[in-house]
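# Structural overview for review
Given next are the chains, with one letter for each unit.
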Amino acid sequence: MSDATLTVDAKGKARGKGRTGSSTAARVAKYAGVRLVVLFFTVVVGIYLVVLVANMGGYVDEIRKGAIREQVSIAVFADESAEMRELTAAEKRELIEERVAVEVKRQGLDRPFIIRSFAFLRNAITLDLGFATDMVSDSGSKLVRLILLERLPPTLLLWGAANITLFFVSLFLGLFLSRKYGSWLDRVVIALAPTSSAPAWFYGLFLILIFAAALRLLPFGGMVDAPPPESTPMYALSLLEHLILPASAIIISSIFLQAYNFRTFFLIYSSEDYVEMAKAKGLSDRDIERRYVLRPVLPTIITQFALLLIYLWMGATILETVFNWPGLGRTLFRAIGLYDTPVIVGSQVIFAYLLAVTVFLLDIIYALVDPRVRIGGEDRTR
Amino acid sequence: MKNLREILRYPTAIIGLVIILGLIGVSVYAMISMPYSEAIRLWRGGENVWAQNPKTAAPTWVNLFRRGNLPPTIVINSEDETVEKTREVVSEDVTDVDLSFTFDYPYHGFPQEISIFFDAEYEEKQPHVSITWLTPDGRELRIGSMALDSRSMTYRVSQDDKLQRRLRTDLPTHEALFVDDPTADTMRLVQGTYTMNVSAKVFEPDADVDAELVVYGQVHGLAGTDHRRRDLSVALLWGTPIALAFGLLAALGTSLTTMIIAGVGTWFGGWVDGVIQRITEVNLILPVLPILVMVGTFYSRSLWLMLGVLIALYIFGGGIKTYRAIFLQVKESPYIEAAQAYGASDSRLIFRYLIPRIIPTLLPNLVTLVPSFVFTEAALALLGLGDPILPTWGKVINDARFNGALYQGNYYWMLEPSFLLMLTGLAFSLLGFSLDRIFNPRLRGM
């Protein structure tokens with residue numbers, strides 16, 4: 001995150017062009033700093049809540065203690081060695097108690113949950129995510145960090161590809177529609193906008209039905225063919241083939257609403273008085289669009305993009321499950337099925353950080369494009 | 001009233017309203033025709049409840065799109081009038097009971113299975129039955145003979161390997177009984193009137209044998225059946241009130257509480273507002289769906305608990321920021337100052353003066369929120385976290401996915417609940433869009 005702040009400083013200086021240069025940079029830096037602190041605090045609270053929920057407020061400890069007791073008793077009663085056979089039942093019970101106490105202490109279960117929950121929190125925040133109880137990464141490690149890091153690239157690939165396409169296509173479609181206001185294409189998009197009430201996974205089911213089940217054109221799910229192709233170009237081709245359906249599902253589920261929103265914003269802003277004024281002056285349409293319409297809409301567009309990203313991070317679990325996409329979302333789903341608390345908390349931590357970084361970066365960009373922050377910015381840093 | 005008349009000027013709003021009213025009608029019908037406990041009994045029922053239904057049979061209306069009709073299930077009980085039942089005393093100990101089942105088979109497809117459910121009355125000596133099959137082209141096939149070793153015995157023709165060997169065929173027996181020559185390489189399905197004769201010998205004066213012939217079809221009812229022979233119409237019908245209740249309650253619950261919290265925060269300002277703002281930001285970081293999934297796996301999968309958690313997570317959602325912006329403007333209005341001047345209390349100011357002003361923003365938001373909650377419920381079901389008792393659309397989709405409906409071409413199974421989900425989503429979203437235009441004059445004419 002410190003990298004982001006640095007580039008912002010550089011940009012801020014470049015933009016300021018000497019006149020208000022240093023003060024602008026300072027303001028943006030201060031703004032970024034405050035946002036960073038607030039967001040960090042937010043992440044801490046959010047992760048603590050996740051830790052509480054994932055441990056069922058301490059109930060998981062009881063389950064684990066029960067499991068230890070069972071294991072120890074089985075071990076003691078199954079031990080057929082000579083000295084064991086000489087022990088009476090009472091002595092055996094004593095031995096079990098003793099060993100349970102040692103094991104509980106070794107796993108740190110003897111301390112109250114509240115204290116340990118803060119230890120969990122510290123570990124989570126420093127990304128020291130511990131070991132999974134059941135799950136194993138493809139490379140054979142039980143480190144939660146490795147399991148999750150292995151799953152991050154597929155998630156980033158799918159959501160990155162889909163979101164960037166979605167954003168630019170809907171932006172230009174919206175711009176195009178606002179120019180052709182009232183045309184048949186415009187009406188079609190307006191009519192289709194309500195279809196965005198259905199989420200991406202829902203369209204995913206339909207796409208699988210049509211293109212995988214009925215037409216047999218594209219794969220049902222997964223990320224590459226099995227076994228994965230040897231050569232890099234073939235691998236990329238296979239990857240692309242598997243990417244088409246999930247990415248299309250994401251795009252179809254939001255493109256019409258996005259384009260409709262952009263179009264409406266552009267229309268609202270192009271009916272402002274100063275745009276009429278520019279038209280009266282005889283400026284070209286292109287100039288009007290760039291200087292008088294796009295400029296004031298920029299913060300709104302960026303907010304839209306931010307919201308889009310945030311909501312899509314959340315939708316990842318189901319879409320990835322539907323398409324068997326080996327990303328973070330599906331890992332979370334599997335971890336929950338296995339009651340693998342460290343992996344659950346770990347993936348929540350990653351999600352929280354991803355969200356926070358998204359929000360932070362967008363805040364910075366927002367600060368750069370919004371003159372109220374760049375020039376006068378005190379009121380926005382609240 | 002004025003707004004209502006305005007709504008009717010938008011065709012999309014009318015379409016949305018009509019669909020919503022239709023869904024409400026279906027809900028009322030579902031609740032009247034099939035009480036809650038009955039719906040749950042049917043949905044949780046196993047083979048005993050659904051014994052007469054075929055497995056994963058398509059809905060009957062698929063026949064409209066085919067040249068030859070697929071067979072529905074044929075059920076004939078020997079207590080029906082169409083079955084000839086004769087009783088003849090042969091000797092002191094032996095009585096013959098003959099049952100003759102006749103049915104028409106004009107269909108262009110084989111049945112899925114054939115089963116005979118016997119219902120015998122006797123004290124000690126087990127009756128003996130032998131079954132023969134008469135085809136329309138006049139052949140007589142011996143199906144088998146057996147002693148009825150329990151009072152209600154089921155003979156599954158489809159699982160009788162001996163019969164298959166006797167017919168010298170590779171076809172499953174229930175198909176072999178319907179072709180002209182089961183031993184040939186190319187065979188043809190014979191249409192016409194089939195007869196199955198059951199002749200039973202009972203060895204006690206009061207003993208009797210009744211039977212029920214079930215020729216399982218390939219189509220069933222309006223909605224078809226699933227892998228557990230359950231009639232999907234139960235889930236589709238009862239899914240409607242559940243989806244509507246879930247969506248509406250969640251949308252109402254979140255919108256109203258969010259509105260009140262935003263109102264209180266803006267009115268008092270200062271630290272109250274600050275705390276609310278911070279909570280909203282923490283809430284933004286909390287991933288809603290994973291938390292729901294965790295609650296579902298660790299605590300309980302009850303739909304109503306999920307509803308509660310969902311509302312709790314959405315209360316401090318993005319809506320607060322929108323409402324806050326409006327409240328901040330309204331707070332400075334002269335009429336608020338006037339109310340303060342006459343000594344109105346804080347609560348009166350918030351509930352009577354501030355909140356009514358944002359109803360125009362609230363209403364479209366509320367309506368457009370409904371589909372997202374309906375789909376959230378379906379999403380949870382798709383993750384295997386659906387309510388364990390209730391029949392819902394999402395659970396049908398989940399069943400269909402897990403039992404390979406797409407691989408085996410049982411598209412109806414997934415399409416029916418999806419269609420209803422889409423219809424619900426579209427209806428509320430169409431209405432919401434129109435309301436947005438009505439209440440936001442800026443959007444009018446765009």
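Calculation rules
- Residues numbered from 1 in each chain as written.
- Chains lettered and ligands numbered in written order.
- Predicted model: local features only at pLDDT ≥ 70, side-chain atom pairs only at ≥ 80, totals over all residues.
- Pairing = 2+ DSSP bridges.
- Helix = DSSP H or I, 4+ residues; strand = E, 2+ residues; numbered from the N terminus.
- Axes fitted to C-alpha atoms, helices over the stretch in contact; angles between N-to-C directions.
- Contact = placed C-beta atoms within 7 Å.
- Nonpolar A, V, L, I, M, F, W, Y, C, P; charged D, E, K, R; others polar.
- pLDDT = per-residue confidence, 0-100.
- Buried ≥ 20, exposed ≤ 12 C-beta atoms within 10 Å, placed from the backbone.
- Left-handed = near helix turned anticlockwise from the far one by under 90°.

A few words now on the sheet that holds strand S8 (residues 192-202) of chain B. All names here are of chain B. The five strands are arranged S2-S3-S8-S5-S6 in an open sheet whose pairing can be described as antiparallel. Looking at strand neighbours, the two that pair on one side only are strand S2 (84-89) and strand S6 (140-147), the edges of this open sheet. Shown here is a sheet whose adjacent strand axes are inclined to one another by a mean of 15°, direction ignored. With seven bridges connecting them, strand S5 (residues 128-134) and S6 associate as antiparallel partners. Along S6, the bridge assignment pairs Thr132 with Arg142.

On to the interface of chain A and chain B, then. Taken together, the contact between chain A and chain B spans 39 residues of the former and 36 residues of the latter. Counting only elements with at least two residues in the side of chain A that touches chain B, the list comes to helix H2 (21-54), helix H9 (200-214), helix H10 (232-270), helix H12 (285-322), helix H13 (328-337) and helix H14 (341-369) of chain A. If you tally residues by element for the side of chain A that touches chain B, the top one is H2 of chain A, at eight residues. The class makeup of the residues in the side of chain A that touches chain B is 31 nonpolar, eight polar and no charged.

Right, let's get into the confidence of the model for chain A. When pLDDT drops low, the exact placement of atoms in the prediction is not to be read closely. All names here are of chain A. For chain A, mean pLDDT is 79; residues scoring 70 or higher make up 87% of the total. Confidence, expressed as mean pLDDT per element, reaches its minimum in chain A at helix H1 (residues 2-16) with 38 and its maximum at H9 with 91. pLDDT under 50 marks residues 1-19. Its contacts with residues more than four places away, or in other chains, come to 22 contacts. Within the model, the stretch residues 377-382 combines pLDDT values under 50 with seven contacts to residues more than four positions away or in other chains.

Moving on, we get to H13 of chain A. Residue and element names in this part refer to chain A. Of all the ten residues making up H13, eight are buried; the element is thus mostly covered by neighbouring parts of the structure. Among all positions of H13, only Leu328, Gly329, Arg330, Thr331, Leu332, Phe333, Ala335 and Ile336 are buried. Looking one or two residues beyond H13, the residue adopting positive phi is Tyr339, at roughly 55°.

Our next topic: the sheet that holds strand S7 (residues 154-156) of chain B. Residues and elements named next belong to chain B. Spatially, S1-S9-S4-S7 is the arrangement adopted by the four strands of the open sheet, whose pairing is antiparallel. Two strands in the sheet have a free side with no partner beyond their single neighbour: strand S1 (74-77) and S7. Neighbour-to-neighbour, the strand axes of the sheet open up by a mean angle of 15°, direction not taken into account. Relative to strand S9 (residues 208-216), S1 runs antiparallel, the two sharing four bridges.

It is worth spelling out the packing of helix H14 (residues 359-382) of chain B against helix H15 (residues 393-402) of chain B at this point. Residue and element names in this part refer to chain B. One way to put it is that H14 packs onto H15 with a least axis distance of 8 Å and a crossing angle of 35°. Note on packing geometry: the crossing formed by H14 with H15 is right-handed. Taken together, the residues of H15 that come into contact with H14 (itself represented by Glu377, Ala378, Leu380, Ala381 and Leu382) are Trp393, Gly394, Lys395, Ile397 and Asn398. Tallied by class, the residues present in the contact of H14 with H15 amount to six nonpolar, two polar and two charged.

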